[in-house]
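For reference, the chains in residue letters:
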Amino acid sequence: MSALTRLLLILTLAATGHAQGGDDRPAEAPAPAKAVQDGPLGTWKAKIPFGQAQRVVEVTIELSKRDDGLWCKVTTPFLRQPFEGTVTEADGVLKGTLSTKLGERSIDAPFEAKLEGGHLVGKVRLMRDDVAFDAVRPGQDDAAGKPAEAAKDAEAGQDKAAPAEDRPGEEKVAEASGPKPGESLLVKAQPRPAKQARDFVIDYGHRPKPEDCKVARWGPKDFDSPDQALRVRKLFPITSDPIQDAVVLVHRGKITAVGRASEVRIPDGYTVVDCGDGWLFPGFVDLHCHIASGSFDLNDTVHPTNPEFRTLDLIELDRPHVKKALQGGVTTTLYIPGSGSNMGGFGTVTKLAGKTADEALVRFPGSLKIAQAGNPERRTGDMGAGRIGMNFGLRATLERGRRYYQAWEDYDAGRSQEKPKEDPALENLRGLFRHEYPVSVHTQGYQVCLETLRQLHDEFGLWVFVDHGSFNAFRMAEQALVRGVPIANGPRMYQIDYDTGEMWGTAGLWARGGDLGWDEDQLGVGRDGIAINTDSPVVPQEELTVQAACAVRLGLPWEWAIRGLTINPARFVGVESRVGSIEVGKDADMVLWTGDPLDPRRHVRKVMVSGNLYYDCDPGGKDHGKRRF
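Just so we're clear, the structure is a prediction, and the values are computed from it rather than from any experiment. (Residues numbered from 1 in each chain as written. Predicted model: local features only at pLDDT ≥ 70, side-chain atom pairs only at ≥ 80, totals over all residues. Heavy atoms only, no water.)

## Here's the deal with the confidence of the model for the chain
The cut-off we apply is this: What pLDDT expresses is the predictor's confidence in each residue, scored from 0 to 100. Here a residue-residue contact requires only that any non-hydrogen atoms of the pair lie within 4.5 Å.
In the predicted model, the chain carries a mean pLDDT of 83, and the fraction of residues at 70 or more is 81%. Across residues 9-37, confidence stays below pLDDT 50; counting only partners more than four residues off in sequence or on other chains, it has 25 contacts. Note on residues 142-193: pLDDT under 50 across the span, and 67 contacts to partners over four residues away in sequence or across chains.

Written out as structure tokens, the structure reads:
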């Protein structure tokens with residue numbers, strides 16, 4: 001028996017009261033002959049930071065003795081199956097590679113640890129993260145459960161549990177550490193600690209810069225537009241504080257200066273646009289649009305998965321629906337296939353105004369449109385009318401795409417000398433696995449939303465955002481937070497409690513968390529994880545601000561709602577370098593309002609896209625007298 005195994009055995013016996021110091025009973029000598037038989041050696045618990053959001057979660061580490069050596073099992077709250085495998089001991093250090101199954105995919109977790117003063121200290125790879133831990137036995141001392149150094153920063157500021165006496169009358173079965181001698185098995189329950197809200201961080205994966213994309217096509221970097229200086233009473237840049245009495249300079253369709261009028265010099269030759277007492281916002285971004293063509297042929301349901309389809313060829317900027325959306329302050333949209341089939345094809349991020357469709361293009365592909373459950377269950381296509389068939393079909397198609405992507409990666413890196421044959425049906429899936437653009441998922445209801453998180457993010461490692469999140473899908477808020485999967489909520493902005501008749505605001509629940517129907521309160525995705533959509537024409541796109549007003553009325557903070565129309569959706573779809581805020585270097589897409597956009601009594605006065613004025617209902621403006629909103 002090695003020294004480490006002997007120490008593990010002694011600690012195990014001590015914890016169960018069979019070694020000196022276990023309780024007041026006389027110490028009994030252990031039986032060495034039985035010590036090496038198969039069986040548990042000990043259990044430790046540790047708190048670790050997980051994912052880009054660095055949420056602190058508790059993991060359990062179990063060691064046991066088997067004929068083939070030491071067996072280690074690490075149980076996490078975010079996977080149904082534990083990581084487990086054989087570890088070896090050398091010079092007091094345990095090392096090995098644990099593994100688990102996620103669908104058909106095997107995930108390895110290198111593990112290394114050693115005992116230090118009764119603590120099991122080491123590191124392990126969980127999913128994509130190498131995390132350090134400092135694990136202790138349950139009930140060992142008041143240090144139990146503290147995270148290792150790598151996790152302390154993430155947990156800083158969490159409230160400690162209130163004393164048990166603060167909640168009299170509540171009882172529960174004693175913890176595993178056991179009651180003291182003579183104490184009842186029923187002890188007062190400790191209230192659970194308040195969870196500390198954390199910043200939401202989108203899991204883009206290894207997203208390349210626009211200039212490094214091999215599949216995605218980006219629109220023009222500058223535009224033919226007049227040099228202008230906009231003077232406005234109140235400016236909302238979104239990513240910084242509002243500015244009173246502001247000036248914005250525009251040159252070749254780009255923003256070149258933003259600041260107070262006293263600080264920004266207007267160059268000679270610039271046209272000054274006096275916006276009076278208006279409020280200037282960035283153009284709004286809607287990530288769920290079906291109105292940018294006249295045909296509405298957004299699904300071809302001969303097959304349930306169609307990665308070869310795209311909306312790029314359908315865009316018509318002179319559509320009446322498009323013009324109305326522009327008059328409502330929406331300047332950029334994700335124009336995607338419908339949800340009649342499981343994988344409808346690839347959408348396009350486009351502006352709603354431009355001299356040509358090419359000038360209006362922001363990026364193609366904008367996203368891969370997937371619909372999970374609901375609409376695709378209308379018996380369209382040759383299989384996949386039910387959820388079990390849909391999940392199979394999605395996996396099969398995505399696996400084909402992943403193999404195609406890997407073949408090109410191997411060829412480009414010199415690992416393979418055989419150039420892959422180009423397949424138009426899979427080419428856009430190649431860019432998807434390169435993380436050049438995301439998957440936008442029409443998903444609603446918490447079970448279906450859970451499948452989105454588990455299959456598309458966990459299993460395939462894709463950049464994902466939820467583009468519906470209706471009904472009770474908000475119950476997945478903390479799981480979305482942990483994975484860095486943002487939520488573009490809509491078109492349904494409420495859910496009815498059918499027992500009480502209470503109306504809940506779904507965007508507020510997604511963002512703020514709280515009592516979402518589980519045994520304990522859940523964290524929300526916060527200010528930076530929520531956006532709002534219309535699913536136009538389900539809700540007319542010009543009513544995007546009404547959607548946001550409903551969300552605010554039902555509990556979403558005003559600032560969060562404004563970000564949910566601007567910088568958040570731009571970040572979700574990966575075009576934040578172009579649109580979503582009023583900053584130097586971004587496209588001059590701006591909308592002048594008579595006041596607060598979320599006040600239905602206010603309306604749009606002017607709309608500028610790429611530095612050109614496309615709507616102007618001010619007196620003397622080209623659209624004066626035509627205003628409909």
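## With respect to the packing of helix H6 (residues 387-412) against helix H7 (residues 424-433)
Applied cut-off: Each axis is a line fitted through C-alpha atoms, taken for helices only over the stretch in contact, and angles between the N-to-C directions span 0 to 180 degrees. Helix and strand definitions here come from DSSP, where helices need a minimum of 4 consecutive H or I residues and strands a minimum of 2 consecutive E residues; each element is numbered from the N-terminal end. Our angle categories are set so that under 35 degrees counts as roughly parallel, over 145 as roughly antiparallel, 65 to 115 as roughly perpendicular, and the remainder as oblique. Classification used: nonpolar for Ala, Val, Leu, Ile, Met, Phe, Trp, Tyr, Cys and Pro, charged for Asp, Glu, Lys and Arg, polar for all others including Gly.
Running from amino to carboxyl end, H6 crosses H7 at an angle of 75 degrees, the nearest separation of the two axes being 8 Å. Our classification of the angle between H6 and H7 gives roughly perpendicular. Between H6 and H7, the residues in contact are Thr397, Leu398, Arg400, Gly401, Arg402, Tyr404, Tyr405, Trp408 and Asp412 and Leu426, Glu427, Leu429, Arg430, Leu432 and Phe433, respectively. Tallied by class, residues from the contact of H6 with H7 come to eight nonpolar, two polar and five charged.

## Observations concerning the pairing of strand E7 (residues 119-126)
Note the following rule: In short, DSSP must find at least two bridges between two strands for them to pair.
As defined by bridge partners, strand E6 (residues 105-116) adjoins E7 across six bridges and the pair is classed as antiparallel. Directly across from Glu112, in E7, lies its bridge partner Lys123. Taking the residues between adjacent antiparallel strands as the criterion, E6 and E7 are bridged by two residues, where Gly117 takes a positive phi near 60 degrees. Of the strand pairs in this sheet, E7 and strand E8 (residues 129-135) are connected by seven bridges, and their pairing is antiparallel.

## Considerations on the environment of Glu116
Note the cut-off: Throughout this description, buried means an accessible area under 20% of the type-specific maximum (1.4 Å probe, protein chains only), exposed means over 50%, and partly exposed covers the range between.
Counting through the fold element by element, Glu116 comes out in strand E6. Take Glu116: its relative accessible area is 39%, and that puts it in the partly exposed class. With 19 residues separating them in the primary sequence, Glu116 and Ala135 have C-alpha atoms 10.0 Å apart.

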